[in-house]
Amino acid sequence: MKKTYLFLLSLLCLALWSCGDDETGRPPIFQGFRYTPSTVRAGDDVTITAVQAQRGTNIYGAHHTWSMTVRIDVDGTPTDTTLTYATQDGKHESLTDDPTWEVHIPERTLPGVYACSFRGNWNNAADGETATYSAGTGEGCHGSITSTNSTLYSRANGSFRLTVQ
């Protein structure tokens with residue numbers, strides 16, 4: 001009889017533990033982008049950060065991709081050049097740090113406003129609920145980033161405009 005009660009008690013504990021709300025996967029929720037320096041010129045090194053309002057939960061394998069197309073002067077002809085950065089294959093970025101891209105703006109970049117895009121991908125370590133998240137644009141941030149969640153993976157897409165003087 002004791003074994004039966006212990007067995008039933010164990011099943012009840014297991015059922016309660018497995019139903020916890022903290023076991024779902026959820027992507028980071030972002031509040032936009034920050035960049036330094038605040039005034040960007042051709043030839044500058046720029047640090048662009050996707051600022052998290054809330055860290056993701058029960059996710060792993062962070063993979064981030066950034067891109068920006070700038071127009072440079074090639075022997076008097078304006079030419080589009082795409083600058084990109086992606087996490088190396090097999091290497092994943094930190095889940096606690098804000099994703100960052102350190103990009104060099106080419107010397108002959110023409111003044112203008114250029115779109116910068118960001119994409120994040122994560123695997124869920126626990127089943128996630130299908131949902132979309134956005135923290136809006138935070139103080140001192142530019143652009144927006146929307147995160148989406150599904151059962152097995154999470155994603156984020158965002159963009160902002162960078163002015164080069």
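Numbering of residues starts from 1 in each chain and follows the order in which that chain's sequence is written. pLDDT decides what is reported in this predicted model: residues at 70 or higher carry local features, side-chain atom pairs at 80 or more are listed and counted, and totals for whole chains, interfaces and linings draw on all residues regardless. Hydrogen atoms and water are omitted, and side-chain values are computed over all heavy atoms in the structure.

Further remarks concern the sheet that holds strand S1 (residues 29-36). On the basis of which strands lie adjacent, the open sheet formed by three strands has the order S1-S2-S5 and antiparallel pairing. Every other strand in the sheet has two partners, leaving S1 and strand S5 (100-104) as the edge strands with one partner each. Ignoring strand direction, the axes of neighbouring strands in this sheet form an average angle of 20 degrees. One bridge is not enough; two strands pair if DSSP finds at least two bridges between them. Runs of E in the DSSP output that reach at least two residues are strands. Runs of H or I that reach at least four are helices, and both are numbered from the N terminus. In this sheet, strand S2 (residues 45-54) lies alongside S1 in antiparallel orientation, the contact comprising six bridges. Its bridge partner lying in S2, Thr36 is registered against Thr47. Helix axes are fitted only over the stretch in contact, all axes being lines through C-alpha atoms; the angle between N-to-C directions runs from 0 to 180 degrees.

Below, the discussion takes up the pattern of salt bridges. Each salt bridge in this description consists of a side-chain nitrogen of Lys or Arg and a carboxyl oxygen of Asp or Glu lying within 4 Å of one another. Under the counting rule described, the total for this entry stands at two salt bridges. With its nearest N and O atoms 3.0 Å apart, the salt bridge here joins Asp98 to Arg55. With Asp98 in the loop between strand S4 (77-86) and S5 and Arg55 in the loop between S2 and strand S3 (59-74), this pair connects stretches of sequence that are 43 residues apart. Classification of residues uses two cut-offs on accessible area relative to the type maximum, computed with a 1.4 Å probe and protein chains only: under 20% is buried, over 50% is exposed, and between them is partly exposed. Given the relative accessible area of 40%, Arg55 is considered partly exposed.

A few words on the nonpolar core. Within the largest apolar cluster, 26 residues are counted, with the highest numbers of intra-cluster contacts made by Ile48, Met68 and Ile105. When residues of this core are traced back to their parent elements, those giving at least two are S1, S2, S3, S5, strand S6 (112-124) and strand S9 (153-164). Broken down by element, this core gets its largest block of residues, six residues, from S3. Residue contacts follow a heavy-atom distance rule, with two residues in contact if any of their heavy atoms lie within 4.5 Å. With residues near it in sequence (within four places) discarded, Met68 still touches Thr81, Thr82, Leu83, Trp101, Val103, Ile105, Tyr114, Ala115, Cys116 and Leu162. Nonpolar cores were defined as sets of buried Ala, Val, Leu, Ile, Met, Phe, Trp, Tyr and Cys residues, with membership established by side-chain atoms within 4.5 Å.

Turning next to the packing of aromatic side chains. Between the rings of Phe, Tyr and Trp (Trp by its six-membered ring), a pair exists once the centres lie within 6.5 Å; its type follows the angle of the planes, with under 30 degrees stacked, over 60 edge-to-face, and the other angles tilted. Within the structure shown, the criterion is met by eight aromatic pairs. The structure contains a cluster of three or more aromatic residues connected by ring pairs, namely Phe30, Phe33, Tyr35, Trp66, Trp101, Phe118, Trp122 and Phe160.

Attention now goes to the confidence of the model for the protein chain. Across the chain, each position has a pLDDT score giving the predictor's confidence in that residue, from 0 to 100. Chain-level pLDDT for the protein chain is 86 on average; 82% of the residues reach the 70-or-more range. Counted against residues more than four places away or in other chains, residues 12-21, with its pLDDT under 50, gives zero contacts.

The next point concerns the environment of Ala86. Looking at the element boundaries, Ala86 is found in strand S4. Residue classification places Ala86 among the partly exposed positions, given a relative accessible area of 39%. Expressed as a C-alpha distance, the spacing of Ala86 and His63, which sit 23 residues apart in the sequence, is 7.4 Å.

The six strands lie next to each other as S4-S3-S6-S9-S8-S7, forming an open sheet whose pairing is antiparallel. Strands at the two margins of the open sheet, each flanked by one partner only, are S4 and strand S7 (131-133). For this sheet, the mean angle separating the axes of adjacent strands, direction not counted, is 15 degrees. As defined by bridge partners, S3 adjoins S4 across ten bridges and the pair is classed as antiparallel. In the sheet register, Val74 faces S4, and the bridge partner there is Thr77.

A cis geometry characterises the amide bond from Thr36 onward to Pro37, with omega recorded as 0 degrees. For Pro37, the position within the fold is in the loop between S1 and S2. Its identity as a non-glycine residue notwithstanding, Asp75 has a phi of 55 degrees, on the positive side. By the element assignment, Asp75 lies in the loop between S3 and S4. Residue Asp75 is classed as exposed on the basis of its relative accessible area of 78%.

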